[in-house]
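What the coordinates show
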Protein chains: 4
Amino acid sequence: MKRQKTQSGWRNTIHEIIYEADTPLGKIFDIVLVFLIVLSVVLVMLESVKEIDANHHKLLLTLEWVVTIFFSLEYIARLISIRRPWKYVFSFYGIVDFVSTIPLYLSYILAGSQVLLAIRAFRLLRIFRILKLVKFLGEASQLKAALKASRAKIAVFIYVVLILSVMLGTAMYLIESDEAGFTSIPRSIYWTIVTLTTVGYGDIAPQTNLGQFFATVIMILGYGIIAVPTGIVTVEFSKHQKGKKGNHLVHTNTQACPSCTAEGHRDDATHCYNCGELL
Amino acid sequence: MKRQKTQSGWRNTIHEIIYEADTPLGKIFDIVLVFLIVLSVVLVMLESVKEIDANHHKLLLTLEWVVTIFFSLEYIARLISIRRPWKYVFSFYGIVDFVSTIPLYLSYILAGSQVLLAIRAFRLLRIFRILKLVKFLGEASQLKAALKASRAKIAVFIYVVLILSVMLGTAMYLIESDEAGFTSIPRSIYWTIVTLTTVGYGDIAPQTNLGQFFATVIMILGYGIIAVPTGIVTVEFSKHQKGKKGNHLVHTNTQACPSCTAEGHRDDATHCYNCGELL
Amino acid sequence: MKRQKTQSGWRNTIHEIIYEADTPLGKIFDIVLVFLIVLSVVLVMLESVKEIDANHHKLLLTLEWVVTIFFSLEYIARLISIRRPWKYVFSFYGIVDFVSTIPLYLSYILAGSQVLLAIRAFRLLRIFRILKLVKFLGEASQLKAALKASRAKIAVFIYVVLILSVMLGTAMYLIESDEAGFTSIPRSIYWTIVTLTTVGYGDIAPQTNLGQFFATVIMILGYGIIAVPTGIVTVEFSKHQKGKKGNHLVHTNTQACPSCTAEGHRDDATHCYNCGELL
Amino acid sequence: MKRQKTQSGWRNTIHEIIYEADTPLGKIFDIVLVFLIVLSVVLVMLESVKEIDANHHKLLLTLEWVVTIFFSLEYIARLISIRRPWKYVFSFYGIVDFVSTIPLYLSYILAGSQVLLAIRAFRLLRIFRILKLVKFLGEASQLKAALKASRAKIAVFIYVVLILSVMLGTAMYLIESDEAGFTSIPRSIYWTIVTLTTVGYGDIAPQTNLGQFFATVIMILGYGIIAVPTGIVTVEFSKHQKGKKGNHLVHTNTQACPSCTAEGHRDDATHCYNCGELL
């Protein structure tokens, strides 16, 4: 693999450490990163458990600071080690990385900034790539391709299900009384979707004979239409399965572009498909 | 596209505006229509929420009048701009359009006319066609074709499921007592369907050992038979998928016949498949 | 169609009326029979609803007598109009017909004979054949063939699911306390199956952290293994779909053998596949 | 079938009895073994039912001793009748057999040893092989092969579902209050999985409008993604179905290797695939 001469030595080294796993330091960095990503998510969970937070508040806060500082340094290192940092900053993972870093800083300025903590879980999506688990990457990319291909069909399906839910929910609101929990049409629609998807909490349940008869119809409908997305996805899967060998659908190259950090290059790529940079 | 000379100019213009999206006015009309359809459905929902209705009754009523008047005008415009209005009046969408318009008028004469409000949601089905979303139309037409082809099989399946439910429900009524909620055979059948479709509200649940054992059998049965509609639909989908290229199953022409308003013509159609009128 | 001369004229006529629909009388008989089968099932339901039974007890009892007498006469007519009555008596539908007839007679001798009422619903299975709905018969026979072919696989699947349920149920019994509803291992297994099949009543639900964690594992497991029966049935369906044309899998001949009443003969059959009698 | 001369006569006989079903004694042993395996599992269940245990404690304990002694003898017999006992001891079924035997002995030394009882159910997995049900073995081995092939894809799927659950659970914790049951993020994640898998206990259910709206989104998501494992497994099944004839995927030889007890040899095998011993 040719290295670009335009990059200064230390930036090059940082790039190697962060984006590749060829050197011992790069491997250690990857393992520490994965460990801290998992830790950052576990911390968010533990902080929300009252008893644990009450007894170990200090420890949790310290760990949160460790995670935050490491993520901050990693973010800065990523920025300076690539040639077009703005591309990274505004990429999906660039935003995820940034948002995962800032909640602790923000908490001193802004209340309610914990909302950003939920975003952290997105970083878990990168673990396969960080650990270079090529096999799983291949499977994931196949699944993604099949789901992408069935996107439009599933959108149509969900749209029709929603219209059905609005109609059936309105009907149930007129049939059932307030006492059974059907206090408004939006709530009736909520109940309809709970029933149609066969979740069935039971917090709202029909009590009149007509309502129960109607609910039965909705359930059997729901039982039937669950077949539709399954059929769509199965057919797409089987198509992608066949095309697999011939079309090189799956790109499991784990290298990242030094310029824009784009990943998922062809195995025989010499230039980045995204910015044209030499790899 | 040739225009018929037998139609007077202004009716022609109205037809262009309502049924096509080639002119600026036609496009504006389409967007306003979609907006008002969505608004009409949202209004029905909001009126049912007691707090919102109490505080904003006047606003909601005004908007309801706006929607009703627009829909009335649109209905009349549709009637006068086509040559065979009766065909439209008794078509599926003709009835939906009419019923979506009248609830407010009826409410002054008849109590309980809100039932008609549920029909309004049907108008949402047209949004793809109004907005000329050709891709989604194609997908929807494929889904429809596959479901149509599996109709008879699914009817047989549901029929057998219903017979099973009657038998199992009767058995559960004899096994379980009134206290557990199994107060009559219809209610037991309701419970059986709730269980067989894996909805499981929990408002009625078996309490004796025999009842719970029997319930277990029903659940595993339900778990197994959910495979049947899925299998049916998947096989149909895969057949339609293969036949797609050869048979031109999908017609995504968004033009409407000026005479009978039939839609879904072939891309290369010059005459309406329904009434033979020139397009 | 040749008629056998060995049968006396009136028995022949009865056979024509009961088993075929070629004569006007035969058609009327079929329609009355279907109507009374449906009525007999509806009666069982209505009798179980306390309010209805209290107010209309006499009417229901009269109708029950009408149904019972008609079914008795029909049963006798079936017996005398075929040449090998014992074959019919001990066939599946022979037993169903007999059991559907006797509950009212038995109720004067034996308490608890209502259990037999559940069997009545089985007669509904014959409606397609009585009404000679050839298309649905064909679909039903395809479904049956596909399910029959996947029988062994589904048996293995259910066996493994039951073993899993025993193990997971035992584990949950040890983890959760009596208060949460896990009072014994059989009840824990009941809960496990309720969860694994995604029914989820909520009458029993884990309350400890470990129990909820374990429940999560069971749910995801259940979510995954629901794919197995679906996969099995889908593959069988697609095989039967392909083999359909070549193998004449579907026999939609609605004729019944005059000797043993076997049905489902090949379209070109001249002899009964069951007893060799001329058709 | 050649027998090895290095084995003494009685060990040979024991091997024949335990591992094969060719001799009358071997058949009796197999039937007794299956009966006792089922009994051992039923005993564990009955002991946990308070009323039964209170009234029949002595009988249950006696039966437990019968099972334990038989299993102990069987375990020893297995050990001495094969040439490489350690291979058996550390094999999956070797461990299961050992753990199924010891709980009663342990209960005199250690409290809480009932945990091991759950392992007993694993022995039920062997019944097909003990009873030489070749057909079911074939089906089971096909199912296993298909599931094995889809393992990596399902792992990726479950991983993504878990990440989704963490994110959605965190969001729901921030939206809903403690009163609705969302007391901590782990509990919110528990609720999210209950909803996403369409189990829906109803012990925790959203009560605010925003929460219910969000729950609706999760349900429809769950309804959609259930299609993914189904699609994966179906495609694998259909592949294995096709490859069945050509590749001899299914090995239904019920013989066990006299040296290492490995099972599942090819029908035409003369040497163990595992240790090379003559069969």
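Because the structure is a prediction, the values reported are computed rather than measured. (Residues numbered from 1 in each chain as written. Chains lettered and ligands numbered in written order. Predicted model: local features only at pLDDT ≥ 70, side-chain atom pairs only at ≥ 80, totals over all residues. Heavy atoms only, no water.)

On to the overall build of chain A, then. If you tally the helices and strands in chain A, you get 12 helices and 0 strands. Counting from the amino terminus, chain A carries its helices and strands in the arrangement α-α-α-α-α-α-α-α-α-α-α-α. Counting over 279 residues, chain A shows a buried share of 53%. Sequence-distant contacts, at least 24 apart, represent 57% of the contacts inside chain A between residues at least 6 apart. (Helix = DSSP H or I, 4+ residues; strand = E, 2+ residues; numbered from the N terminus. Buried < 20%, exposed > 50% of the residue type's maximum accessible area, 1.4 Å probe, protein only. Contact = heavy atoms within 4.5 Å.)

Attention shifts here to the pattern of salt bridges. Within this structure, the stated rule accounts for 28 salt bridges over all chains. Salt-bridge contacts for Arg78 of chain B lead to Glu74 of chain B; the nearest nitrogen and oxygen are separated by 2.8 Å. Placement of both Arg78 of chain B and Glu74 of chain B in helix H3 (residues 50-81) is noted, with a separation of 4 residues, approximately one turn of the helix. Per residue, the accessibility class of Arg78 of chain B equals that of Glu74 of chain B, and both read buried. Note that Asp178 of chain B is salt-bridged to Lys50 of chain C, the shortest N-O span being 3.5 Å. (Salt bridge = Lys/Arg side-chain N within 4 Å of Asp/Glu carboxyl O.)

Next up on the list: the relation of the copies chain D and chain A. What relates the two chain copies is a rotation about an axis together with a slide along it. Each copy superposes on the other: chain D lies on chain A with an RMSD of 0.0 Å after a rotation of 90 degrees and an axial shift of 0.0 Å. Classification of the inter-copy transformation places it as that of a four-fold axis. Here only 16% of the interface residues in chain D have copies in chain A that are interface residues too; the copies meet through unlike faces. (Least-squares fit on C-alpha atoms with pLDDT ≥ 70 in both.)

Residue and element names in this part refer to chain D. Judged by its relative accessible area of 4%, Glu74 falls in the buried class. Beyond its immediate chain neighbours, meaning those up to four positions away, Glu74 contacts Ile18, Phe29, Leu33 and Arg123. Looking at Glu74, its side chain comes within polar contact range of the side chain of Arg123, at 3.1 Å. (Polar contact = N/O pair within 3.5 Å; in protein donor to acceptor, adjacent residues only side chain to side chain.)

The next subject is the interface of chain C and chain D. Tallying the contact residues gives 48 residues for chain C and 46 residues for chain D. Carbon and sulfur atoms make up 74% of the surface buried where chain C meets chain D, a total of about 4,000 Å² over both sides. On the chain C side of the contact with chain D, Lys153, Met219 and Tyr223 of chain C bury the most area, a combined 18% of that side's loss. Our enumeration of links across chain C and chain D arrives at 1 salt bridge. Summed over the shared surface of chain C and chain D, the result is 11 residue pairs in polar contact (both at pLDDT 80 or more). Those elements giving two or more residues to the side of chain C that touches chain D turn out to be helix H9 (151-175), helix H10 (185-196), helix H11 (209-225) and helix H12 (227-247) of chain C. Element by element, the count of residues in the side of chain C that touches chain D is highest for H9 of chain C, at 14 residues. Of the residues that constitute the side of chain C that touches chain D, the class distribution is 30 nonpolar, 14 polar and 4 charged. (Buried area = accessible area lost by both parts, 1.4 Å probe. Nonpolar A, V, L, I, M, F, W, Y, C, P; charged D, E, K, R; others polar.)

With that out of the way, let us pick up the packing of aromatic side chains. For any pair of aromatic rings, geometry is given as the distance between the ring centres together with the angle between the planes. Taken as a whole and assessed by the stated rule, the structure comprises 42 aromatic pairs over all chains. Connected via pairs of aromatic rings, a cluster forms that spans Tyr75, Tyr88 and Phe98 of chain A. When the ring centre of Phe71 of chain D is taken as reference, the NZ or CZ atom of Arg123 of chain D above it lies at 4.4 Å. (Phe/Tyr/Trp six-rings, centres within 6.5 Å; stacked < 30°, edge-to-face > 60°. Lys NZ or Arg CZ within 6 Å of the ring centre and 35° of its normal.)

The next subject is a nonpolar patch on the surface. Residue and element names in this part refer to chain A. Taken together, the side chains of Trp10, Ile76 and Ile80 define a hydrophobic patch exposed on the protein surface, amounting to about 310 Å² of accessible area. With respect to the secondary-structure elements, Trp10 resides in helix H1 (residues 9-19). A relative accessible area of 52% means that Trp10 is categorised as exposed. (Patch = residues over 30% accessible without salt bridge, like charges linked within 9 Å, V, L, I, M, F, W, Y side chains within 5 Å. Areas by Shrake-Rupley, 256 points an atom, 1.4 Å probe, with all protein chains shown as cover.)

Next up on the list: the relation of the copies chain C and chain D. Expressed as a screw operation, the relation of chain C to chain D combines 0.0 Å of axial shift with a rotation of 90 degrees, fitting to an RMSD of 0.1 Å. A different interface surface on each copy is seen, since only 17% of the contact residues of chain C are contact residues in chain D too.

With that settled, the discussion passes to the interface of chain D and chain A. On the side of chain A, 46 residues touch chain D, which itself brings 49 residues to the contact. Taken as a group, Lys153, Met219 and Tyr223 of chain D account for 18% of the area that chain D buries against chain A, more than any other trio of residues on that side. There are 1 salt bridge connecting chain D and chain A. Between chain D and chain A we count 12 residue pairs in polar contact (both at pLDDT 80 or more) in total.

Turning next to the domain arrangement of chain A. It is common to report an interface's size as the accessible area lost on association of the parts. Splitting chain A by domain gives domain 1 (2-133) and domain 2 (148-246). Relative placement of domain 1 of chain A and domain 2 of chain A: their C-alpha centres are 39 Å apart. (Domains from an automatic or database assignment.)

Right, let's get into the environment of Val41 of chain C. In this structure, Val41 of chain C sits in helix H2 (residues 24-48). In this structure, the C-alpha to C-alpha distance between Val41 of chain C and Arg151 of chain C, residues 110 residues apart in sequence, is 30 Å. Apart from residues lying up to four places away in sequence, Val41 of chain C is in contact with Val166 of chain B together with Arg120, Ala121 and Leu124 of chain C.

All names here are of chain A. Positive phi outside glycine occurs at Thr198, with the angle close to 60 degrees. Checked against the element boundaries, Thr198 lands in the loop between helix H10 (185-196) and helix H11 (209-225). Judged by relative accessible area, Thr198 falls into the buried class, the value being 2%.

On to the UniProt feature "transmembrane region" (unreviewed entry) in chain A, then. Per the UniProt record, "transmembrane region" (unreviewed entry) is found at residues 28-47, 59-82, 154-175 and 213-235 of chain A. With 100% helix and 0% strand, residues 28-47 of chain A has its two end C-alpha atoms placed 28 Å apart. (UniProt positions renumbered as here; feature names shortened; annotations may be inferred.)

A few words now on the side chain of Ser184 of chain A. Its place among the elements puts Ser184 of chain A in the loop between helix H9 (151-175) and H10. A relative accessible area of 9% means that Ser184 of chain A is categorised as buried. With near-sequence residues (within four places) excluded, Ser184 of chain A lies in contact with Tyr173 of chain A together with Ser48 and Val49 of chain B.

This part covers the confidence of the model for chain A. All names here are of chain A. Put simply, chain A has an average pLDDT of 80, and 81% of its residues get 70 or more. Here helix H12 (residues 227-247) is the element of chain A with the lowest mean pLDDT, 73, and H10 is the one with the highest, 92. Predicted confidence is poor over residues 1-5, with pLDDT under 50, and the contacts of this stretch with residues over four places away or in other chains come to 14 contacts. pLDDT under 50 marks residues 244-251. Its contacts with residues more than four places away, or in other chains, come to 11 contacts. Across the interfaces of the predicted complex, the ipTM metric reaches 0.81, alongside a pTM of 0.83. (pLDDT = per-residue confidence, 0-100.)

All names here are of chain B. Interaxial distance between helix H9 (residues 151-175) and helix H11 (residues 209-225) falls to 10 Å at its minimum, and their mutual angle equals 170 degrees. Regarding the angle of H9 to H11, the classification is roughly antiparallel. Between H9, through Phe157, Val161, Leu164, Leu168, Ala171, Met172 and Ile175, and H11, the contact on the second element is made entirely by Leu210, Gly211, Phe214, Ile218, Leu221 and Ile225. Taken together, the residues that form the contact of H9 with H11 break down as 12 nonpolar, 1 polar and no charged. (Axes fitted to C-alpha atoms, helices over the stretch in contact; angles between N-to-C directions. Parallel < 35°, antiparallel > 145°, perpendicular 65-115°, else oblique.)

Quick look at H10 of chain A now. When the terminal C-alpha atoms of H10 of chain A are compared, their 16 Å separation across 12 residues agrees well with the 16 Å that a helix rising 1.5 Å per residue should span. Burial runs high along H10 of chain A: 10 of the 12 residues are buried. Residues of H10 of chain A that are buried: Ile185, Ser188, Ile189, Tyr190, Trp191, Thr192, Ile193, Val194, Thr195 and Leu196 of chain A. Here the buried face of H10 of chain A lies against H9 and H11 of chain A, helix H2 (24-48) of chain B together with helix H11 (209-225) of chain D. Looking one or two residues past H10 of chain A, Thr198 of chain A carries a phi angle of roughly 60 degrees, positive in sign. (Expected span 1.5 Å × (residues − 1).)

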